Amino acid sequence: MSVPKSPQTALIHSDYTAPGGFAAFPTAIHHASTVVFADVAALRSRNWQDKSAYTYGLHGTPTSFTLEARLAEIEDGRHCVLAPSGLAAIALVDFALLKSGDDVLIPENVYGPSRDLGNWLARDFGISVRYYDPLIGAGIAALIQPNTRLVWTEAPGSVSMEVPDLPAICRAAHDKGVMVALDNTWSAGIALRAFELGVDIVMQALTKYQSGGSDVLMGALITRDTTLHRKLETAHMRLGYGIGMDDAYLVLRSLPTLKLRFEAHDAGALKVASWLKSRPETDRVLHPALPDCPGHENWRRDFSGAGGLFSVVFDARYSEEQTDRFVDSLKLFKIGFSWGGSNSLAVPYRMQAMRRNWPHDGQLVRLNIGLENPDDLIADLEQGLRAL
Ligand SMILES: *Cc1c(COP(=O)(O)O)cnc(C)c1O
């Protein structure tokens, strides 16, 4: 008999069962390069894409199969492919779905290395890559050409924080038979039901919240459509992507607390963001749950939470030198890129150089709110503001 499982309970109760005679909660770590077959007939009949059996370490062991199943469950998807990093997962989508002569649309505010990859595809692989206004919504229809194959989205952009109108973009793309991929790292799959909004491929940098330990690099692609999953799986095999089972274990170990951690990041970040908004040194706080943030109304409609990552734009009277001094003077906030762990982080970005028509004159600093007591973080920011 089964009982209903809410997302929070499902994170804790997985379908993993330990081998007979041994009962414990953790998933076992199965390492393998080669997988042994009982006889030649078994070797000849085994299909590496069939998840009911094992063929080779690169295609997974019971440990990675369990992680794939659990990640698909969190996103309310059906299939999952694991990649050695979030960026590797993004590249896998591009290489699986695009060929010379095709066109892909990428938002202007996309994760930086993804943009660099797009420029490489355009320069050396004969793919047309165009960058669009992340707030374009249904207007994306006008950009779709007969050779457009893929629209990338990121919700929100992980530095400038615009929240796109995902349902409108998905409708416009699907009307013309074009696929939509979403970098859903910011919501961890906890605060956004991407497939319900029409997204075809969900990408997650597990490096962030799913790991939570600042100690793993891994990415995932989750889908509902089996044909699409097969395409991703085939490219994954051809490129020889693999992940380490110890790393898979670290992510599995963190999943039961994913929702509680996410909610704690969310509550802390809202408190810190609201405090920063009240300060005379700031021009605006780009936090999707606050009205200053472009696309805030899309966040209200589509999201159930916000997590720990947001940006603050300082008043234009402060120079880059001054805001750098602010970042340098922080004690609890460390300086580093990969967010989603327990530690709070701050990174300044040169938006004028990164974005065409960036509308703000003040300096931007992105904050990741960790799991520290938010009042201590506010005290740290307060002493940092004095260094301005
Ligand atoms: C970190 C990040 C990635 C890339 O993940 P890695 O595992 O570091 O390669 C992609 N997208 C977003 C939004 C990220 O924050």
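Residues numbered from 1 in each chain as written. Predicted model: local features only at pLDDT ≥ 70, side-chain atom pairs only at ≥ 80, totals over all residues. Heavy atoms only, no water.

The name that an unreviewed UniProt entry assigns to the chain is Cystathionine beta-lyase, with the source organism given as Noviherbaspirillum sedimenti. The UniProt entry for the chain carries the following comment under Catalytic activity (unreviewed entry): "L,L-cystathionine + H2O = L-homocysteine + pyruvate + NH4(+)". Listed under Cofactor (unreviewed entry) in UniProt, the entry text for the chain is "pyridoxal 5'-phosphate". (UniProt positions renumbered as here; feature names shortened; annotations may be inferred.)

(A) Representation of the packing of aromatic side chains in the model. Summed over the entire model, instances satisfying the criterion amount to nine aromatic pairs. Through successive ring pairs, a cluster of aromatic residues spans Phe95, Trp120 and Phe125. For the cation-ring pair, Arg115 lies above Tyr131, with the distance from its terminal atom to the ring centre recorded as 4.2 Å. (Phe/Tyr/Trp six-rings, centres within 6.5 Å; stacked < 30°, edge-to-face > 60°. Lys NZ or Arg CZ within 6 Å of the ring centre and 35° of its normal.)

(B) Spotlight on the site of the ligand. Taken together, 14 residues sit near the ligand, with Gly86, Leu87, Asp183, Thr207 and Lys208 positioned nearest. Backbone polar atom of Gly86 to an oxygen atom of the ligand: 2.7 Å apart, as the coordinates give it. A distance of 2.6 Å separates a nitrogen atom of the ligand from a polar atom in the side chain of Asp183. Relative to its unbound accessible surface of 380 Å², the ligand loses 92% to contact with the protein. Cavity membership is defined here by more than half of the atoms lying within 2 Å of grid points; on that basis the ligand lies in the largest pocket. At the level of secondary structure, the elements contributing two or more residues to the shell around the ligand comprise α4 (86–97) and β6 (201–205). Within the shell around the ligand, the residues separate by chemical class into six nonpolar, five polar and three charged. (Near = heavy atom within 4 Å. Polar contact = N/O pair within 3.5 Å; in protein donor to acceptor, adjacent residues only side chain to side chain. Areas by Shrake-Rupley, 256 points an atom, 1.4 Å probe, with all protein chains shown as cover. 1 Å grid on protein atoms, 1.4 Å probe; cavity = no way out; pocket = protein on both sides within 12 Å on 5 of 7 lines; lining within 4 Å. Sits in = over half its atoms within 2 Å of the grid points. Helix = DSSP H or I, 4+ residues; strand = E, 2+ residues; numbered from the N terminus. Nonpolar A, V, L, I, M, F, W, Y, C, P; charged D, E, K, R; others polar.)

(C) Local environment of the sheet that holds strand β9 (residues 309–314). Within the open sheet, the four strands sit side by side as β8-β9-β11-β10. Their pairing is antiparallel. Sheet topology places β8 (282–286) and β10 (345–349) at the edges, where each strand pairs with a single neighbour. Pairwise comparison of adjacent strand axes, ignoring direction, gives a mean angle of 25° for this sheet. Packed on one face of the sheet, helix α11 (residues 320–329) meets β9, β10 and β11 (364–368) and runs near 165° to β10. (Pairing = 2+ DSSP bridges. Axes fitted to C-alpha atoms, helices over the stretch in contact; angles between N-to-C directions. Contact = heavy atoms within 4.5 Å.)

(D) The arrangement of the sheet that holds strand β7 (residues 219–223) in detail. Across the sheet, seven strands lie side by side as β1-β7-β6-β5-β4-β2-β3; this open sheet has mixed pairing. Whereas interior strands pair on both sides, the edge strands pair on one side only; in this sheet they are β1 (79–83) and β3 (128–132). Sheet twist, expressed as the average angle between the axes of neighbouring strands with direction ignored, equals 20°. One ladder, built from five bridges, connects strand β2 (residues 103–107) with β3; its direction is parallel. Its bridge partner being in β3, Val104 is matched across the sheet by Val129. The sheet strands contacting helix α6 (residues 166–175) are β3, β4 (148–154) and β5 (179–183), and the helix crosses β5 at an angle near 150°.

(E) Spotlight on the layout of surface pockets. Empty space within the largest pocket amounts to approximately 560 Å³. Around the largest pocket sit 32 residues that line it, and Tyr111, Gly112, Pro113, Ser158 and Arg366 are the ones nearest its centre. Every element with two or more residues in the lining of the largest pocket is listed here: α4, α5 (112–124), β6 and α12 (351–354). Classifying every residue of the lining of the largest pocket by side-chain character gives 16 nonpolar, nine polar and seven charged. (Points joined across faces, edges and corners; volume = space filled by probe spheres on them.)

(F) Spatial organisation of the UniProt feature "modified residue: N6-(pyridoxal phosphate)lysine" (unreviewed entry) in the chain. Per the UniProt record, "modified residue: N6-(pyridoxal phosphate)lysine" (unreviewed entry) is found at Lys208. When you line up the elements, Lys208 lands in the loop between β6 and β7.

(G) Representation of the nonpolar core within the structure. The biggest cluster of nonpolar side chains holds 86 residues, and the ones touching the most others in it are Phe310 and Leu367. Of the residues forming this core, the biggest block, seven residues, is contributed by helix α9 (residues 258–277). Here this core spans two domains, since at least three of its residues come from each of domain 1 (40–257) and domain 2 (258–386). Beyond its immediate chain neighbours, meaning those up to four positions away, Phe310 contacts Met161, Ala269, Val272, Ala273, Leu276, Val285, Leu286, His287, Val365, Arg366, Leu367 and Ile369. (Core = buried A, V, L, I, M, F, W, Y, C linked by side-chain atoms within 4.5 Å. Buried < 20%, exposed > 50% of the residue type's maximum accessible area, 1.4 Å probe, protein only. Domains from an automatic or database assignment.)

(H) Spatial organisation of the pattern of salt bridges. Under the definition given, this model contains 21 salt bridges. The partner of Glu162 in a salt bridge is Arg355, and the shortest N-O contact between them spans 3.1 Å. One end of the pair, Glu162, is in the loop between β4 and α6; the other, Arg355, is in the loop between α12 and β11, with 193 residues separating them in the sequence. In this pair, the class of Glu162 matches that of Arg355, namely buried. (Salt bridge = Lys/Arg side-chain N within 4 Å of Asp/Glu carboxyl O.)

(I) Highlighting the domain arrangement of the chain. The assigned domain composition of the chain is domain 1 (40–257) and domain 2 (258–386). Its C-alpha centre places domain 1 at a distance of 26 Å from the equivalent point of domain 2. At the junction of the two partners, domain 1 supplies 37 residues and domain 2 supplies 37 residues. Interface area for domain 1 against domain 2, summed over the two sides, is near 3,100 Å², with a carbon-plus-sulfur share of 61%. When the buried area of domain 1 at its contact with domain 2 is split by residue, Val159, Trp186 and Tyr209 rank highest and sum to 25% of it. Taken together, the links from domain 1 to domain 2 amount to three salt bridges. Applying the counting rule to domain 1 against domain 2 returns 18 residue pairs in polar contact (both at pLDDT 80 or more). In terms of residue class, the side of domain 1 that touches domain 2 is built from 21 nonpolar, 11 polar and five charged. (Buried area = accessible area lost by both parts, 1.4 Å probe.)

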